[in-house]
4 protein chains.
Amino acid sequence: IPTHTQPTRSFRTTVCRQQILDASTLPDRILPKYKQTRTSSLLSLQWPEPPRNVLIIPKLLAPHVTLSAVAFAKHIHSEYPNLNIIFERRVASEIHESLPFPIYTSDPNYFPSKIDLVTTLGGDGTILRAASLFSLHESVPPILSFSMGTLGFLGEWKFDEYKRAWREVFMSGSRVTISDLQEHPHAKTPADDHPGDEEVDVPHHGWESVRGKSMGPNRSSKILLRNRLKVGIYDTSGVNINEQLMPTSTDEPHEDLPALPPSLKNHSKSTDPLFPAFHAINELVIHRGSNPHLAIIDVYVNDHFLTEAVADGILVSTPTGSTAYSLSAGGSIMHPLVKTLLITPICARSLSFRPLGLPLSTRVTLRLSDKNRGRELDVSIDGKRRAGVTVGMEIRIEGEAVGRARSAGGFGSGSWTGGVPCVIRSPGRGDGNRDGIAQDDDGWVGGLIGLLKFNYPFGEGQ
Amino acid sequence: IPTHTQPTRSFRTTVCRQQILDASTLPDRILPKYKQTRTSSLLSLQWPEPPRNVLIIPKLLAPHVTLSAVAFAKHIHSEYPNLNIIFERRVASEIHESLPFPIYTSDPNYFPSKIDLVTTLGGDGTILRAASLFSLHESVPPILSFSMGTLGFLGEWKFDEYKRAWREVFMSGSRVTISDLQEHPHAKTPADDHPGDEEVDVPHHGWESVRGKSMGPNRSSKILLRNRLKVGIYDTSGVNINEQLMPTSTDEPHEDLPALPPSLKNHSKSTDPLFPAFHAINELVIHRGSNPHLAIIDVYVNDHFLTEAVADGILVSTPTGSTAYSLSAGGSIMHPLVKTLLITPICARSLSFRPLGLPLSTRVTLRLSDKNRGRELDVSIDGKRRAGVTVGMEIRIEGEAVGRARSAGGFGSGSWTGGVPCVIRSPGRGDGNRDGIAQDDDGWVGGLIGLLKFNYPFGEGQ
Amino acid sequence: IPTHTQPTRSFRTTVCRQQILDASTLPDRILPKYKQTRTSSLLSLQWPEPPRNVLIIPKLLAPHVTLSAVAFAKHIHSEYPNLNIIFERRVASEIHESLPFPIYTSDPNYFPSKIDLVTTLGGDGTILRAASLFSLHESVPPILSFSMGTLGFLGEWKFDEYKRAWREVFMSGSRVTISDLQEHPHAKTPADDHPGDEEVDVPHHGWESVRGKSMGPNRSSKILLRNRLKVGIYDTSGVNINEQLMPTSTDEPHEDLPALPPSLKNHSKSTDPLFPAFHAINELVIHRGSNPHLAIIDVYVNDHFLTEAVADGILVSTPTGSTAYSLSAGGSIMHPLVKTLLITPICARSLSFRPLGLPLSTRVTLRLSDKNRGRELDVSIDGKRRAGVTVGMEIRIEGEAVGRARSAGGFGSGSWTGGVPCVIRSPGRGDGNRDGIAQDDDGWVGGLIGLLKFNYPFGEGQ
Amino acid sequence: IPTHTQPTRSFRTTVCRQQILDASTLPDRILPKYKQTRTSSLLSLQWPEPPRNVLIIPKLLAPHVTLSAVAFAKHIHSEYPNLNIIFERRVASEIHESLPFPIYTSDPNYFPSKIDLVTTLGGDGTILRAASLFSLHESVPPILSFSMGTLGFLGEWKFDEYKRAWREVFMSGSRVTISDLQEHPHAKTPADDHPGDEEVDVPHHGWESVRGKSMGPNRSSKILLRNRLKVGIYDTSGVNINEQLMPTSTDEPHEDLPALPPSLKNHSKSTDPLFPAFHAINELVIHRGSNPHLAIIDVYVNDHFLTEAVADGILVSTPTGSTAYSLSAGGSIMHPLVKTLLITPICARSLSFRPLGLPLSTRVTLRLSDKNRGRELDVSIDGKRRAGVTVGMEIRIEGEAVGRARSAGGFGSGSWTGGVPCVIRSPGRGDGNRDGIAQDDDGWVGGLIGLLKFNYPFGEGQ
Ligand SMILES: NC(=O)C1=CN([C@@H]2O[C@H](COP(=O)(O)OP(=O)(O)OC[C@H]3O[C@@H](n4cnc5c(N)ncnc54)[C@H](O)[C@@H]3O)[C@@H](O)[C@H]2O)C=CC1
Ligand SMILES: NC(=O)C1=CN([C@@H]2O[C@H](COP(=O)(O)OP(=O)(O)OC[C@H]3O[C@@H](n4cnc5c(N)ncnc54)[C@H](O)[C@@H]3O)[C@@H](O)[C@H]2O)C=CC1
Ligand SMILES: NC(=O)C1=CN([C@@H]2O[C@H](COP(=O)(O)OP(=O)(O)OC[C@H]3O[C@@H](n4cnc5c(N)ncnc54)[C@H](O)[C@@H]3O)[C@@H](O)[C@H]2O)C=CC1
Ligand SMILES: NC(=O)C1=CN([C@@H]2O[C@H](COP(=O)(O)OP(=O)(O)OC[C@H]3O[C@@H](n4cnc5c(N)ncnc54)[C@H](O)[C@@H]3O)[C@@H](O)[C@H]2O)C=CC1
């Protein structure tokens, strides 16, 4: 694999087209801020300077999606010239010949420190895959997701909107119209019309190179911050074995999960008892798998014994995951902004094990009861099998804290950590005059009705 | 009814025993503060000075509970001499002859401005009745509830613990041991061991008169703040008709809901669109009642159309109410600290109307569809029928905001508003060494298992 | 109301058009036989001679349905000249001016002894209303039902198929092609191709007058026999008070339920402990109605105590009713041919009250517990409120036996009793070559998918 | 393994104690009759002559159960001297040293033609294991089951009742009191008190050797005939591969499933399209097993396409199985006498896939959709994994017909086939005066309440 040591602009003109460069040499990621607004429960994305390093994740094994990824990469390369475009290794080798400019790749363990922004092309599974690249990390870059073919419940944008979508997320928080920038690139921004909101440091440079259509001032991307669960898997002597666990799902190719770079390793070790935690965006599942017998799992809540679950399995789900497996298992549908974690049994051998919702900050422990005897149970996170666990092992789960980090973390003091920031589709021209409404529309109600067929009416011809 | 104009202590000696005095003449209520702590998600009750006006609410039509109320009143009268003991009018006339000291009563509309602390003796229904006395108000006094006979899910204390329970809640936040008080009544309190916590103004007087057993320093009552829903009922021309609505349940005696006193009437009218709102601690229900036909209700979420519910009815529930009617209707169980409101259909004529959980701040509107034709549907709040509604009318619901009031409210600037502060049972001597655990124990898990028979195991002899 | 004493054919030519004649003077009903076949679980309708007395029941208060009823009546009057067309009194007076021939009506209590065949035009509600006319009787005539507007789950035929539908049901069991009849009206029928099946006496006369298009030989209408529940309501002294109970639903006009004619009164009194029983085709419901408190009902199964239901109410449903209220209350969907009765609680205050299915012959008793105190609960049958019941009263329910009567019943020895015989739609020309499949198609699976949206798939654009 | 060719009584005295003889040499089984009675929906067991060959199946790996099996075997050997006592091979070698008389064993494929009566000692799993020995056969001997330790839902008798239980089932249908037999061994039996019931040929010999306490005349064992499902597994070319499928559950030892003896092989091949069928007493399950992705299964009902199930799996259950896995998956509880088969999805990815009940005679086909791609799904019957199935394979299921065989079957003309005849516990002395009630008591309601905690009441101390 050809690598490139100095990915500076001056140098770039000499590198061979279609080369695959080493993403680990790229400048470190730019950490955006997320501002609360009065009119919406969504956050507003604020780039301190334009994002540079974009990871593009197309659905695997879907040739038409690869083609779309090529089109998308070409567009942003030509219109936004300072961007570095990154792919996973396997995708990079497949795609680089189709691209008339160099692209980047690296071991995925460098992504958390390099990637400013992720773009997925595919369905919910692709978004879950994107999130899983950051599943050992507290700070996930914003994810802009395009649905390809059948719509997913998590994906927000249609692919044919990709130019508008990209421009919006790239410019988000620049606070100037593009025409302003071109004329008075260093002028002051107009005053924020929400003066009560917390001050944000707005640099006015970096966006100058973007030419073309103007956007309204103060237009910014809306972010739905999806809460995650931290998951630690402990062996019978109480040692966290997360780092030994490789993805074991066989039908989706993956690279070895590399050792964490030292800079990340030390980070927050002392403060976080679950460290290093896996982070789940949908859920953690323990399941009997192919074992024909019922699984027996002791459930503790904040170290109190709650119950012995005798069941096919048990789910601990985020509100995002409430429309995934938990829904199938009989759980209620929770809006992703409700701060809760759900305990949903899978086929419990009980008439009275109703799904539970606990505060997101609750500590849940699942311990394999001795009664399971020799059985090995499957542990999966977001649909990927991670481990087989046996008697005496336990899984500890806790909602991930979200917000501005208190003490200096790995990426600089006071930066945002926690959650998966998903760029929410804003209404376009064809969407009618929904300006008022759109302020608070996170697409969730639309997805419930359109995709999940929530309360689908009886009767013919509907 | 004899009333008494000046309920000062000096005067009290001359009044006739067994008299019923006018509670509206009592000093205004003392507003406690609620402090967050690091070790628990419960709040800590902080009285700025000792509470004086106590409303005692026994279960109705239950003679043995009335006897317990007498015992309780005698105890606190003799041990805590500055207390004014208040009953609802009907209870007062039944009970005053049994008490060798004067008691107070008044129209219930004075309670919100006079009552420092409520004590209920009964089950969940009695607590709901207590809360309903404050259902038009934003600030509810702390409620100390005793279970009598069968335990309820909301009630925390066993009646035979009443002496300890009272002492704890009365002293809560005084921050001195009682022996300290007796020796050096004006000495400084020991420094707060959570110096980072927000400063609380601690007066050191007022508790001197309480003699007897000492409590540990810094011992305070734990408060579970139960979120409520604000409910407005609107006629076909969009006018809020809450004030015209009287409780209509016939099997529980009630007094006329009096006009609000002027001071409260103006309060916050401008800022609150639902004003005057009913506040529900369990839920709001629309139901077909005796009408044999399905009700048809349009549901809007933040002004977006969500769905047309064709059903027996529809519930909008707090997390507290998730273990009440919503549970029976198939809803999930939510911990009372999860900030959510639940939409749960009652016998929806649909295979795909799953219960929903939305952020507590969501605005939900239920509008009676024209398709109901002439039908009148029942509207109930917390198990009390409040109105019959017809085509075109609507119910607007929103989670009540909770916290320190921003602007000056009715009761003084910056005071706590919102929610129902319930005093949580602390472990006693007989409860074993649960000190560590008890910090975060709100009794909820115990109630699930002990009372709701959550995941009750199969098999004989359990 | 004009009545006519001798509705013989010779006389008919002289009666004034548009007259309303007295249906009680019509010849007694003709009892069809129902033959089991090897290829289908449906029964085959066998008229011993052509049906004469047809009751047409259009949906009420729906003018376009009334017009369709007129068209239908004109068609069968002109093509099938010996028919007597009967309407309920209220419909008759509304419609008779639109019809150029006399029609019949009477008190509904004569219908059970006069009506050969019922035709409904409307939805499920109209079929339920038709069945309710026979709800005190063991033998219900076949019901041919047309859906008007929105399809119902029970209705089988589209109205524009009415000519074919009528011809098929009218000729059913005649076992000759119409051309055969015209040429050799008294010839022997071809041998039954299922010689093992039980012999049926086939008269070859009566169908001669029907001219026109030929049908295939042996073509007969398929009958889905819907099982009913027998329901007895007992006062506190154990006396069956069914006869005193009038329909009390106010929004659907009804005539007084008349005293049974003597001939029916004596019938089967001795053999049937529930006599006179109401018969439910969907379900029996006890419900708290407008009472805000939970209902408390003791449930007995074959005289064993089963459970105390604390709930909004309780349903005892037929398999037919499993897709009605019971479905909304969480019950499973049962095929109408499964011989079961379902006990489904409505919002039970219990985590462990799962819906139950018992053998259809089970005796279920619902007794109002003393704990209900003064409350009156609503009792409804098939969506019509029948009674308010109080403490100590009970409802006894039992699946109706179905088949050939053992001993001589009211209508002649060995005739079929029990159940509601519904004429199932046979596939027409436009339905494709479904001959093989159609043999066993009762339309139920189609209704599940098309109407109830059973397992409606997720995803867009469906 | 020593075998013995001629297990006649004369010879027996010479065989070595503790020997294990060859059960294949035993006389062929005696087929009992099952009589319907007027007072109960249970059947009455009628032995034409005393049963001789008893298979005793203790729970595996449970030493105290093995001890009980020894006690039981000794008792019946000494009191009922003509009995041949058979064990599964593995149990026989473990137990024979503890027994002072020879016992029998053989390949389990001889059991169906040799065993008169099965006795299980264990829980539901042991009964399922007993039934699985006959799962390729249409005629299952009566099963007398004793619960050991925790009660099961299927097991009826407590072990300490074993003497009474055995006597009752052994004598069942002999129609004479034991004292009668001793005095007038060949006297006529008293007339049947249900003369209308079908004649049963009653031989009066064979029971003479049983001495001791007398039973009432006409006392017979009540039989609950549990319906089974016939299951055929077909490869992609439509060939039934049942015979190639071995039990694959690894945690329960088993012997190779031997080739069917020729006599059974030909039997009924022509008439039964599913031959050779597995018979399930609980259910057939297809499940994703350890595969993390959803299974996709097309469901056909009587060859009509019903739905595409996207789910963890799908269950087709008997009414007996309705309280097993189907219950956990959300199915309703069905009484075992309701003739239905249930289709219950396991975690269906759909809001509208409600459990279904179809007539027991329905043909259900489950076909693995192409959309599963390479996935292999698990197929289990009654909790034992039987096969892994892949795209294009299908499972065909049908309720087993039950009753007197029409044509000559393998075991003689007109004998009973189908179902699993379970001996129901009759009330003993200590059970109070429940004579009247007990007539129809199949223990099912008791099991619901006592074991499944059906509608377990809320509140403390229950
Ligand atoms: N029985 C079930 O319902 C099962 C569900 N799953 C879910 O699948 C997820 C993994 O997804 P894939 O890798 O794509 O597996 P997959 O190919 O098996 O598809 C899972 C399905 O769930 C949808 N989905 C995923 N996350 C969702 C969400 N948050 N809300 C709504 N729908 C969602 C996807 O669009 C897809 O239709 C797991 O996290 C788990 O939640 C996994 C196994 C069984
Ligand atoms: N089918 C049902 O489940 C119905 C339930 N209700 C509930 O009853 C409440 C009114 O209570 P009462 O006046 O005592 O009526 P009630 O006398 O009908 O009793 C209601 C029952 O609900 C329990 N309960 C009340 N609030 C609860 C909570 N938050 N969590 C757990 N259990 C709770 C009570 O202990 C009592 O057992 C309503 O707010 C409503 O939630 C009212 C009608 C029907
Ligand atoms: N929450 C609910 O689901 C309620 C349901 N009902 C049902 O309504 C029936 C009375 O019907 P209407 O007078 O038309 O009242 P209605 O006008 O309230 O409509 C009831 C609805 O149920 C449908 N329906 C009736 N019987 C059905 C069946 N066997 N299978 C599938 N759908 C069926 C009708 O098409 C209609 O959509 C009652 O027998 C009861 O089953 C009555 C009250 C409440
Ligand atoms: N999630 C679940 O509920 C699962 C249930 N099963 C059930 O287990 C059965 C196999 O039983 P074992 O080998 O003992 O496995 P097991 O050791 O896993 O126990 C299954 C449990 O189901 C009970 N059971 C079995 N049949 C029953 C019936 N008809 N009614 C009520 N309870 C019943 C048993 O007493 C035992 O408690 C399967 O036929 C299946 O029905 C199997 C896997 C998962």
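Above: the structure in question.
Model, not experiment: these values are computed from the prediction. (Residues numbered from 1 in each chain as written. Chains lettered and ligands numbered in written order. Predicted model: local features only at pLDDT ≥ 70, side-chain atom pairs only at ≥ 80, totals over all residues. Heavy atoms only, no water.)

Residues and elements named next belong to chain B. Along the chain, the position of Thr344 falls in strand β17 (residues 340–348). On the accessibility criterion, Thr344 (0% relative accessible area) is buried. Counting along the chain gives 30 residues from Thr344 to Ile314, while the straight-line C-alpha distance between them is 6.0 Å. Residues contacting Thr344, with those up to four places away along its chain left out, are Ile314, Leu315, Ser326, Ala329, Gly331 and Pro355. (Helix = DSSP H or I, 4+ residues; strand = E, 2+ residues; numbered from the N terminus. Buried < 20%, exposed > 50% of the residue type's maximum accessible area, 1.4 Å probe, protein only. Contact = heavy atoms within 4.5 Å.)

A word on the interface of chain A and chain C. Taken together, the 17 residues of chain A in the interface contact 17 residues of chain C. Taken together, both faces of the contact between chain A and chain C bury some 1,400 Å²; the carbon and sulfur share is 62%. There are five residue pairs in polar contact (both at pLDDT 80 or more) connecting chain A and chain C. (Buried area = accessible area lost by both parts, 1.4 Å probe. Polar contact = N/O pair within 3.5 Å; in protein donor to acceptor, adjacent residues only side chain to side chain.)

Let us now look at the pattern of salt bridges. If you walk through the whole model with that rule in mind, you get 60 salt bridges over all chains. With a closest N to O distance of 2.8 Å, Asp28 of chain C and Lys114 of chain C form a salt bridge. Linking Asp28 of chain C in the loop between β1 (20–22) and β2 (33–36) with Lys114 of chain C in helix α4 (residues 111–114), this pair joins segments that are 86 residues apart in sequence. Taken together, the shared-partner salt bridges in this structure form one network comprising Glu161, Arg164, Glu168 and Arg425 of chain A. (Salt bridge = Lys/Arg side-chain N within 4 Å of Asp/Glu carboxyl O.)

The next subject is the interface of chain A and chain B. Contact with chain A, which involves 42 residues of that partner, is made by 42 residues of chain B. Contact between chain A and chain B buries roughly 3,500 Å² in total, counting both sides, with carbon and sulfur atoms accounting for 61%. There are 23 residue pairs in polar contact (both at pLDDT 80 or more) connecting chain A and chain B. Of all the secondary structure elements, the ones that give two or more residues to the side of chain A that touches chain B are β15 (304–317), β16 (333–334), β18 (356–359) and α11 (444–450) of chain A. If you tally residues by element for the side of chain A that touches chain B, the top one is β15 of chain A, at six residues. For the side of chain A that touches chain B, the residue count by class is 23 nonpolar, twelve polar and seven charged. In the sheet, β18 of chain A pairs with strand β16 (residues 333–334) of chain B via two bridges, with the strands oriented parallel. Paired with Gly357 of chain A across the two strands is Met334 of chain B, which belongs to β16 of chain B. (Nonpolar A, V, L, I, M, F, W, Y, C, P; charged D, E, K, R; others polar. Pairing = 2+ DSSP bridges.)

Take the relation of the copies chain A and chain B next. Here chain A sits on chain B after a turn of 180° about the axis and a move of 0.0 Å along it, with an RMSD of 0.0 Å. Here the symmetry operator amounts to a two-fold rotation axis. Within chain A, Ser332 of chain A has its C-alpha nearest the rotation axis, a separation of 3.1 Å. Same-surface contact between copies: 100% of interface residues of chain A are shared with the interface of chain B. (Least-squares fit on C-alpha atoms with pLDDT ≥ 70 in both.)

Taken together, 21 residues sit near ligand 4, with Arg349 of chain A together with Asp124, Glu283, Thr323 and Ser328 of chain D positioned nearest. Ligand 4 is flanked by residues contributed from chains A and D. Within the side chain of His293 of chain A, a nitrogen or oxygen atom sits 3.1 Å from an oxygen atom of ligand 4. Of all the elements in the fold, those that place two or more residues in the shell around ligand 4 are α5 (124–132) and α9 (325–328) of chain D. With three residues, α5 of chain D is the largest single contributor of residues to the shell around ligand 4. When its residues are assigned to classes, the shell around ligand 4 shows eight nonpolar, seven polar and six charged. (Near = heavy atom within 4 Å.)

Arg349 of chain B together with Asp124, Glu283, Thr323 and Ser328 of chain C are the nearest of the 21 residues found near ligand 3. For ligand 3, an oxygen atom lies 3.2 Å from a polar atom in the side chain of His293 of chain B. Between Asn282 of chain C and ligand 3, the recorded distance is 2.8 Å, taken from a side-chain N or O atom to a nitrogen atom. For the shell around ligand 3, the secondary-structure elements that each account for two or more residues are α5 (124–132) and α9 (325–328) of chain C.

A few words now on unusual backbone geometry. Unlike most non-glycine residues, Lys453 of chain B shows phi in positive territory, near 55°. Mapped onto the secondary structure, Lys453 of chain B falls in the segment after α11 (444–450). Although it is not a glycine, Asp382 of chain C adopts a positive phi angle of roughly 50°. Tracing the chain through its elements places Asp382 of chain C in the loop between β20 (377–381) and β21 (384–389).

With that settled, the discussion passes to the relation of the copies chain A and chain C. Superposition of chain A onto chain C requires a rotation of 180° combined with a translation of 0.1 Å along the rotation axis, giving an RMSD of 0.0 Å. Residue by residue, 100% of the interface of chain A is reproduced at the interface of chain C, so both copies engage with the same surface.

Residue and element names in this part refer to chain D. The buried fraction of helix α6 (residues 162–171) amounts to eight of the ten residues, a majority that puts the element mostly inside the structure. Within α6, burial applies to Tyr162, Ala165, Trp166, Arg167, Glu168, Val169, Phe170 and Met171. Looking one or two residues beyond α6, the residue adopting positive phi is Gly173, at roughly 90°.

One pass over the full model with this rule turns up zero disulfides over all chains. For Cys347 of chain A, which is in no disulfide, the shortest distance to another cysteine sulfur is to Cys347 of chain D and amounts to 4.8 Å. Judged by relative accessible area, Cys347 of chain A falls into the buried class, the value being 6%. (Disulfide = S-S within 2.5 Å.)

Attention now moves to the packing of helix α2 (residues 63–79) of chain C against helix α6 (residues 162–171) of chain C. All names here are of chain C. At a minimum axis separation of 11 Å, α2 and α6 run at an interaxial angle of 50°. Classified by the angle their axes make, α2 and α6 are oblique. By crossing handedness, the relation of α2 to α6 is classed as right-handed. Between α2 and α6, the contacting residues are Ala71, Phe72, His75 and Ile76 on the first element and Tyr162, Lys163 and Trp166 on the second. Each residue belonging to the contact of α2 with α6 can be placed in one class, and the counts come to five nonpolar, one polar and one charged. (Axes fitted to C-alpha atoms, helices over the stretch in contact; angles between N-to-C directions. Parallel < 35°, antiparallel > 145°, perpendicular 65-115°, else oblique. Left-handed = near helix turned anticlockwise from the far one by under 90°.)

In this section: the packing of aromatic side chains. A complete count under the given rule lists 46 aromatic pairs over all chains for this structure. Geometrically, the ring pair formed by Phe72 of chain C and Trp166 of chain C is edge-to-face, given 5.9 Å between the ring centres and 80° between the ring planes. With a gap of 94 residues between them, Phe72 of chain C in helix α2 and Trp166 of chain C in helix α6 connect regions that are remote in the sequence. Exposure class is identical for Phe72 of chain C and Trp166 of chain C. Each is buried. Aromatic pair Tyr80 of chain D and Trp166 of chain D: ring centres 5.9 Å apart, planes at 80°, arrangement edge-to-face. On the criterion of sequence distance, the pair formed by Tyr80 of chain D in the loop between α2 (63–79) and β5 (84–86) and Trp166 of chain D in helix α6 is long-range, its members being 86 residues apart. Here Tyr80 of chain D and Trp166 of chain D have matching classes, each one buried. In this structure, Arg396 of chain B packs its charged tip against the face of Tyr234 of chain B, placed 3.7 Å from the ring centre. (Phe/Tyr/Trp six-rings, centres within 6.5 Å; stacked < 30°, edge-to-face > 60°. Lys NZ or Arg CZ within 6 Å of the ring centre and 35° of its normal.)

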